[in-house]
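For reference, the chains in residue letters:
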Amino acid sequence: MLDILCVGDTSEDVFLVLAEDDAALLCDVDKQNCRLSLSFSDKIPIKTVVALPGGNSANLAVGLSRLGFKSALLTQLGDDSRGDTLLQALHKDKVKLDYVRRDTRTASNFSTVIVYQTERTILIHHETRQYVWPRAVKPAHWVYFSSLGEGGEVLVPPMLGYLTKNKSRLAFNPGTYQLRWPLTLLRQVLASTSALFINVEEAELIVARTNRAKPGRMSRQIKIDLMLAQLKGLGPEMVVITDGQLGVSAITPDGIIRTPITNRAKRVEATGAGDAMAVGFVAALMTKQSIETALHWGLIESSSVVQFIGPQAGLLTEKVLLSTEKAHLAAGCHHFNTAPASTLPPRRSVKTKRLSRTVRKKTA
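Residues numbered from 1 in each chain as written. Predicted model: local features only at pLDDT ≥ 70, side-chain atom pairs only at ≥ 80, totals over all residues. Heavy atoms only, no water.

Topic: the pattern of salt bridges
Then comes step 1: A complete count under the given rule lists 11 salt bridges for this structure.
Then comes step 2: For Arg82, the salt bridge identified is with Glu12, shortest N-O distance 3.2 Å. Of this pair, Arg82 sits in helix α2 (residues 81-92) while Glu12 sits in strand β2 (residues 11-17); the two residues are 70 residues apart in sequence, bridging distant segments of the chain.
Then comes step 3: Owing to a relative accessible area of 24%, Arg82 belongs among the partly exposed residues under this scheme. (Salt bridge = Lys/Arg side-chain N within 4 Å of Asp/Glu carboxyl O. Helix = DSSP H or I, 4+ residues; strand = E, 2+ residues; numbered from the N terminus. Buried < 20%, exposed > 50% of the residue type's maximum accessible area, 1.4 Å probe, protein only.)

Some details on the nonpolar core
Considering soluble globular proteins, one finds that nonpolar side chains tend to be buried as a cluster.
Then comes step 1: Core analysis: the largest hydrophobic core is formed by 43 residues, its most contacted members being Leu64, Tyr144, Phe197 and Phe281.
Then comes step 2: It is helix α7 (residues 273-286) that contributes the most residues to this core, 10 residues altogether.
Then comes step 3: Aside from chain neighbours lying at most four places away, what touches Leu64 is Ile4, Phe69, Val279, Val282, Ala283 and Met286.
Then comes step 4: Among the nonpolar cores identified, the runner-up in size contains 42 residues, and Tyr99, Leu155, Met159 and Ile241 belong to it. (Core = buried A, V, L, I, M, F, W, Y, C linked by side-chain atoms within 4.5 Å. Contact = heavy atoms within 4.5 Å.)

Quick look at the confidence of the model for the chain
Then comes step 1: Mean pLDDT over the chain: 89, with 90% of residues reaching 70 or higher.
Then comes step 2: Confidence drops under pLDDT 50 across residues 341-353; counting only partners more than four residues distant or on other chains, this segment forms 30 contacts.
Then comes step 3: Note that pLDDT drops below 50 for residues 358-364; the model gives that stretch 12 contacts with residues more than four away or on any other chain. (pLDDT = per-residue confidence, 0-100.)

Let's talk about a nonpolar patch on the surface
Then comes step 1: Together, Met218, Ile222 and Leu226 line one region of the surface with nonpolar side chains, adding up to about 250 Å² of accessible area.
Then comes step 2: Along the polypeptide, Leu226 turns up in helix α6 (residues 220-232). (Patch = residues over 30% accessible without salt bridge, like charges linked within 9 Å, V, L, I, M, F, W, Y side chains within 5 Å. Areas by Shrake-Rupley, 256 points an atom, 1.4 Å probe, with all protein chains shown as cover.)

With respect to the state of the cysteines
Then comes step 1: One pass over the structure, following the stated rule, counts one disulfide.
Then comes step 2: Covalently, Cys27 is tied to Cys34 through a disulfide, its sulfur atoms 2.0 Å apart. Taking the sign of the S-S torsion, about 110 degrees here, the bridge from Cys27 to Cys34 comes out right-handed.
Then comes step 3: Residue classification places Cys34 among the partly exposed positions, given a relative accessible area of 34%. (Disulfide = S-S within 2.5 Å.)

Observations regarding the pairing of β2
Then comes step 1: When you tally the buried positions in β2, you get six out of seven residues, the bulk of the element.
Then comes step 2: In this sheet, strand β5 (residues 48-54) lies alongside β2 in antiparallel orientation, the contact comprising seven bridges. Following the sheet pairing, Phe15 is matched in β5 by Val50.
Then comes step 3: Strand direction decides the pairing type here: β2 and strand β8 (residues 109-116), joined by seven bridges, are parallel. What sits directly across from Ser11, in β8, is Asn109. (Pairing = 2+ DSSP bridges.)

Quick notes on the pairing of strand β13 (residues 238-242)
Then comes step 1: With five of five residues buried, β13 lies mostly within the body of the structure.
Then comes step 2: Burial along β13 is two-sided: the face carrying Met238, Val240 and Thr242 and the face carrying Val239 and Ile241 are both buried.
Then comes step 3: One ladder, built from five bridges, connects strand β12 (residues 195-199) with β13; its direction is parallel. Each bridged residue has a counterpart across the sheet, and for Leu196 the counterpart in β13 is Val239.

Side note on the side chain of Thr112
Then comes step 1: Looking at the secondary structure, you find Thr112 in strand β8.
Then comes step 2: Given a relative accessible area of 17%, Thr112 falls into the buried group.
Then comes step 3: If we ignore the near neighbours within four places in the chain, the residues touching Thr112 are Val14, Leu16, Thr121, Ile122 and Leu123.

Details of the side chain of Thr287
Then comes step 1: Inspection of the secondary structure puts Thr287 in the loop between α7 and α8 (291-305).
Then comes step 2: Only 2.9 Å separates the side chain of Thr287 from the backbone oxygen of Ala283, close enough to count as a polar contact. (Polar contact = N/O pair within 3.5 Å; in protein donor to acceptor, adjacent residues only side chain to side chain.)

Here we look at the sheet that holds β5
Then comes step 1: One open sheet accounts for four strands, arranged β5-β2-β8-β9; its pairing is mixed. Pairing within the sheet leaves two strands with one partner each, and these edge strands are β5 and β9 (119-125). Pairs of neighbouring strands in the sheet enclose a mean axial angle of 20 degrees, with direction left out of account. (Axes fitted to C-alpha atoms, helices over the stretch in contact; angles between N-to-C directions.)

Structure, rendered in C-alpha cells:
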C-alpha cells in the first residue's frame, strides 16, 4: 500500500534571476498589490539561469519520499527530452513512477520563473492534454491533489471514487486552473478534503467567489481568521493559509492556531515554499502528530527550501528534519497562539525514528 498518491502536472522550471538594478517594484502605499516593472522592448541581462524539475504534486512526492514515505506520482509528461530529464530526477528521489503517462502528441510542461529581490513571478504553461485516470491504482493512505491544466477536471470523479473505495484522506492545493473551476465542482472537491493548503491571495479568490458579502476594514490577521472559518465552512476538515514571510495560520475542528516565522533563514527565492509547508504538515498528519508539530515541520521544510533556487533542492531528509526540530525546541524559537481558546492536544515529544515505520504502525 502507498503512503501517498500525488496527482497533478509536472514541469521543468527555468529560473531567471534578475539583478537589483534591472527591474523595479511598483507597490501600493501599504506595499501590497506590487507589480514587477521591466523596460519594455529592451534587452535585460540575467544574473543566473538554471533549469530544474517542478510542479506542486511532483514537489510533494519528492519531499515525502526523502522523509521515507512510499510516494507515487500520477502525472503526464511529453515524450521528449524534457520529460526524460524530469523522469530521471523523480527516479533519483525514489518516487514511484507506475502512474506516469508519456504523451506522444504534446510536449512536457514548462514554466519560466523570474526571481527578483528573493520573490518569484511564475509564467506558467500547461500543455493541453487528455487527462486519464489509470485503470488500476494501488490504494494509498493519502492523496495529494494539485495543479492541473485545462481539462484536468475530468480527473475529479475517478479521484473521488478512489478516495471512497480506499478510505483515503485528501490534501488539496488548488492550482491556477482549479481556482477557476465552476463553484459546484470546486465545492465537491473541498467537501472531500481533509487538509486544504492555500496562500492568502488564493484564499481571497475562493472566498470572493463563494461569499457575496464584502468584508469591511479589518486587520490582516482578523481577515485571515475570517477566511479560515469561511473556507472550513465549505467542507475541509483543516485549512492552512500561508502568508509569505509573516507566518502561517490553520483552522481545525478544535479552533484556530497561528505561528509567525521566528527562525528566519537567509532567503534566496521562494518557489516551492508553500509545497514545502505541505510536505512537513502532511508528514506530521501521517504519523499522528499534533497540529503544532505539523505546522512546525512545515515551517522547517519551507525555511530550508527558500535558501535554494528551485522547489526541491532544500527538501529535507528525515534525519535533518527531526534534528532541526530538536534544535528549535531546545532554543525555544518557535511559538504558537490560538484563537479562540483551542482544545488542541498537547504537543507530543518526537524521538528520532523512522517516519515511514510510524505510518505502517499507525495504519496496520
